[in-house]
Structure formats: structure tokens, C-alpha cells
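Examining the three-dimensional arrangement
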Amino acid sequence: VQLVESGGGLVQAGDSLRLSCTDPGSTLTISVMGWYRQAPGKQRELVATINFGTSSTNYADSVKGRFTISSDSAKNTVYLQMNSLKPEDTAIYYCNAVDYTLLGAMNYWGKGTLVTVSS
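Keep in mind that what you see is a predicted model, and the values were worked out from it rather than measured.

**Looking at the overall build of the chain**
The helix and strand tally for the chain stands at zero helices and 11 strands. A globule of 119 residues ought to have a C-alpha radius of gyration of about 14 Å, and the chain, at 14 Å, matches this closely. Dimensions of the chain, computed from C-alpha atoms along their principal axes, come out at roughly 45 × 25 × 25 Å. Within the chain, the fraction of its 119 residues that count as buried is 40%. A separation of at least 24 residues holds for 53% of the contacts in the chain among residues at least 6 apart in sequence. In the form shown here, the chain has an accessible surface area of approximately 6300 Å², with 50% of it arising from carbon and sulfur atoms. For the chain, the distance from the average site of its 9 positive side-chain charges to the average site of its 9 negative ones is 3 Å.

Below you can see the structure in the form of C-alpha cells.
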């Protein structure tokens, strides 16, 4: 299953963007969904996650207060509202979904969407 992301683009510092990610056909039984990012020359890092059962959220310190993750669990869709964007937010943003099966946690990823923030 390939998750599908959308919403990336080129913006200026201080602008906003909204990313979306969905599981086409809602084939997965998702427990947690979230966003990770990878900047040039850096490792992939967690941005935010949301638990579909409890609606609890988790954010990287670097985005707290600026980014908001939300979801539509019925549609296996997650959103990331990014406000007050900074040049250091420039990265490829990847969507992730975790499906807990009898075999353990199965991770699914999207191909990524590029976010570029100019100063």
C-alpha cells in the first residue's frame, strides 16, 4: 500500500501550507498516522503523529506551536497545517501509517512531498 501525499510547494518565510495524506481505498487498519521530514544532508526526523484511537498527538519541539496535525480516521487521512514557516522547515515531508497486526507493527510510507521555504 502506498500512501499518497499532497500540498507541498514553494513558499516564503512566515507563510502557511497544508499537507494531506491518505490511504487510497482505506485498505489499512491504521492505529497511528504521522509526518516525518528529511532535509538535504540530514536524517529523517519525526514532525508529528496522531493516534486514531485516542486522538492524542505528538510533535517535534521544533514545530510545536506552529504545526497542527489532524485526521479523518474514517477516511484514513491525515493533515498537517504548517504556519509561520521557516527556511529550516525546508525538507521532503513523508507520510507514515502504522498498522498493528498479529505479526507486529507494519509501517507504510508515502513517496514524499517537497516543502521549500525561502527567506
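**Quick look at the sheet that holds strand β3 (residues 17-22)**
Sheets are built from strands that pair by backbone hydrogen bonding, the pairs being arranged parallel or antiparallel. Spatially, β1-β3-β8-β7 is the arrangement adopted by the four strands of the open sheet, whose pairing is antiparallel. The open sheet has two edge strands with one neighbour each: β1 (4-6) and β7 (67-72). Between one strand and the next, the sheet's axes are offset by a mean angle of 15°, whatever the strand orientation. Relative to β3, β1 runs antiparallel, the two being bridged by three bridges. Within the sheet, the bridge partner assigned to V4 lies in β3 and is T22.

**What to know about unusual backbone geometry**
With a phi close to 65°, S55 is a non-glycine residue in the positive phi region. Although it is not a glycine, S84 sits at a positive phi angle of roughly 50°. Position of S84 among the secondary structure elements: in the loop between β8 (77-82) and β9 (91-101).

**What about the state of the cysteines?**
Any covalent bond linking the sulfur atoms of two cysteines counts as a disulfide. Across all of its chains, the model carries one disulfide by this definition. Note on cysteine connectivity: C21 is disulfide-linked to C95, with sulfurs 2.0 Å apart. Disulfide C21-C95: torsion about the S-S bond near -85°, hence left-handed. Here C21, found in strand β3, pairs with C95, found in strand β9; they are 74 residues apart in sequence, far enough to count as distant. Taken as a pair, C21 and C95 share a single burial class, namely buried.

**Side note on the pairing of strand β11 (residues 113-118)**
Across the two faces of β11 the burial differs, with T113, V115 and V117 buried and L114, T116 and S118 not buried at all. Here strand β2 (residues 9-12) runs beside β11; their pairing, made up of four bridges, is parallel. Residue V11 lies in a different strand from β11, and its bridge partner there is V117. Summarising the sheet, β9 and β11 pair through three bridges and their orientation is antiparallel. Paired with A91 across the strands is V115, a residue of β11.

The rules behind each value
- Residues numbered from 1 in each chain as written.
- Predicted model: local features only at pLDDT ≥ 70, side-chain atom pairs only at ≥ 80, totals over all residues.
- Heavy atoms only, no water.
- Helix = DSSP H or I, 4+ residues; strand = E, 2+ residues; numbered from the N terminus.
- Rg over C-alpha atoms; globule rule 2.2 N^0.38 Å.
- Buried < 20%, exposed > 50% of the residue type's maximum accessible area, 1.4 Å probe, protein only.
- Contact = heavy atoms within 4.5 Å.
- Areas by Shrake-Rupley, 256 points an atom, 1.4 Å probe, with all protein chains shown as cover.
- Lys, Arg positive; Asp, Glu negative; His and termini not counted.
- Charge placed at Lys NZ, Arg CZ, Asp CG, Glu CD.
- Pairing = 2+ DSSP bridges.
- Axes fitted to C-alpha atoms, helices over the stretch in contact; angles between N-to-C directions.
- Disulfide = S-S within 2.5 Å.

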